[in-house]
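Fold and contact review
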Amino acid sequence: MAHNVGIIGFGKMGQTRAAALQTDGRATVVKVYDPHPPKDVPFAIAASAQEIIDDPKIGIVFICATNDVNKSLTIAALNAGKHVFCEKPPAFTADDVREIIAAERASRRVLMYGFNHRHHGAVVKMKQIIDSGTYGRVIWMRGRYGKSVDGDYLKTWRADPERAGGGILLDQGIHMLDLFLHMGGVPFDDVHAYVSSRYWNIPGMEDNVFAIMRNSDTGIEVSFHSTMTQWRHLFSLEVFMERGYCVLNGLKTSSGTYGEEELTIAKNRATAPAANFDTEERMHFAIDTSWAREAEHFMDAVSLGMPVTMGNSQHALDVMTLIDRIYAHNHTLAPNLHEKLQIVGHAD
């Protein structure tokens, strides 16, 4: 049975999700809403987001809108009995996510978030290697994720702190933080961070975040840099274990600006003092299957009753709790966020 879908927000992400659903084949997009719809939309266009939520023929709502409405639209759609897929960030704070979880539990509907990087081929392989235990436990991780923006960026909603909720951390860094939680399997309760805006100088929006984090129980340590002053786009995730390591450089994207997606794996430490190039195995992922894989995961939950194991509301709460801790070090937040962040970044 095909499930009818309504999409709120039909820009780049809404169109990407529609194409992925078409590939999966178990859902049919019947209506979309966008305040500025593109030309030649092949679906019925709603007059408002509420029209999609209220439509009794629609059983699934995809939310691909601006960050500021993610929370309210998700709760409204769940309360209306819809299954919901929402892009990141889930909300602006962890407390916001707790409100969403309460609505999710009351609705007994599927809720999944677009933490798309979990579904990239190299990330899937890396997680399989870690979970196998072949190379021992995770000792430390290091992640760098950066892009450059130009003056046109300042004209978009992403440069508006009231609509975006934050800068590069909520825009892009959230993906790397989610991968740390995914790979490490533990939260990071000890957080030290520098959050700054010294180049673009957008009020209330950071352009760089440097952080070191640690899980107090396991001792797993993490180094993290999220930036929008990376003049050459960069994605790099390193996971070092007791008897080897995985290093992912590059990420296959439609723009191609992050380079080739290459996963390097060291099977063991080799001869002291360290591994060498001859002992490394390299895997290349030339095709981006993450969107289709993500749509399949969501539709398995809706159609087959399978659990959401990547991008569920607990994952959303975990990453927003970590973001709250990082933002606690920021003294340039938008005023509305200052009131919400009643949290201590770390205990001295």
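Everything discussed here concerns the structure shown above.
Residues numbered from 1 in each chain as written. Predicted model: local features only at pLDDT ≥ 70, side-chain atom pairs only at ≥ 80, totals over all residues. Heavy atoms only, no water.

**What to know about the packing of helix α4 (residues 94-107) against helix α9 (residues 313-327)**
Applicable threshold: Only the contacting stretch of a helix is used when fitting its axis, a line to C-alpha atoms as for every element, and angles between N-to-C directions run 0 to 180 degrees. Only runs of H or I of at least four residues qualify as helices and only runs of E of at least two qualify as strands under DSSP, and these elements are numbered from the N terminus. Oblique is the label for every angle not falling under 35 degrees (roughly parallel), over 145 degrees (roughly antiparallel), or within 65 to 115 degrees (roughly perpendicular). A crossing counts as left-handed when the near helix is turned anticlockwise from the far one by less than a right angle, and as right-handed when that turn is clockwise. Note on contacts: a residue pair qualifies if any of its non-hydrogen atoms lie within 4.5 Å across the two residues. Under the grouping applied here, Gly and all other residues not named as nonpolar or charged are polar, the nonpolar ones being Ala, Val, Leu, Ile, Met, Phe, Trp, Tyr, Cys and Pro and the charged ones Asp, Glu, Lys and Arg.
Between α4 and α9, the shortest axis-to-axis distance is 8 Å and the interhelical angle comes to 165°. Regarding the angle of α4 to α9, the classification is roughly antiparallel. In the packing of α4 onto α9, the handedness of the crossing is left-handed. Contacts between α4 and α9 involve Ala-94, Val-97, Arg-98, Ile-101 and Glu-104 from the former and Ser-313, Ala-316, Leu-317, Met-320, Thr-321 and Asp-324 from the latter. Residues belonging to the contact of α4 with α9 are distributed by class as follows: six nonpolar, two polar and three charged.

**Let's talk about the packing of aromatic side chains**
For the record, the criterion: Stacked, edge-to-face and tilted are the three classes for Phe, Tyr and Trp ring pairs, Trp counted by its six-membered ring, which pair at centre distances within 6.5 Å; planes under 30 degrees apart are stacked, over 60 edge-to-face, the rest tilted. Categorising residues by exposure relies on relative accessible area from a 1.4 Å probe, with only protein chains included: less than 20% of the type maximum marks a residue as buried, more than 50% marks it as exposed, and the intermediate range marks it as partly exposed.
Under the criterion given, the structure shown has 11 aromatic pairs. Plain terms: the ring middles of Phe-85 and Phe-298 are 5.6 Å apart, the flat faces sit at 80° to each other, and that makes the pair edge-to-face. Taken as a pair, Phe-85 in strand β5 (residues 83-87) and Phe-298 in helix α8 (residues 290-304) lie far apart in primary sequence, 213 residues in all. One exposure class covers both Phe-85 and Phe-298, and it is buried.

**A closer look at the sheet that holds strand β9 (residues 208-214)**
Across a sheet, strands are paired by hydrogen bonds formed along the backbone, either parallel or antiparallel in direction. Let me state the cut-off plainly: Strands were regarded as paired on the criterion that DSSP finds at least two bridges between them.
With mixed pairing, the eight strands of this open sheet are ordered in space as β8-β9-β10-β7-β11-β12-β13-β14. What marks the edges here is a single partner per strand, and that holds for β8 (190-196) and β14 (280-285). Across this sheet, the average inter-strand angle for adjacent strands is 10°, counted without regard to direction. The pairing of strand β12 (residues 244-249) with strand β13 (residues 261-266) spans five bridges and is antiparallel. Its bridge partner lying in β13, Cys-246 is registered against Ile-265. Here helix α7 (residues 168-184) sits on the sheet and contacts β7 (138-148), β9, β10 (221-227) and β11 (229-241); the angle it forms with β7, its principal contact strand, is near 160°.

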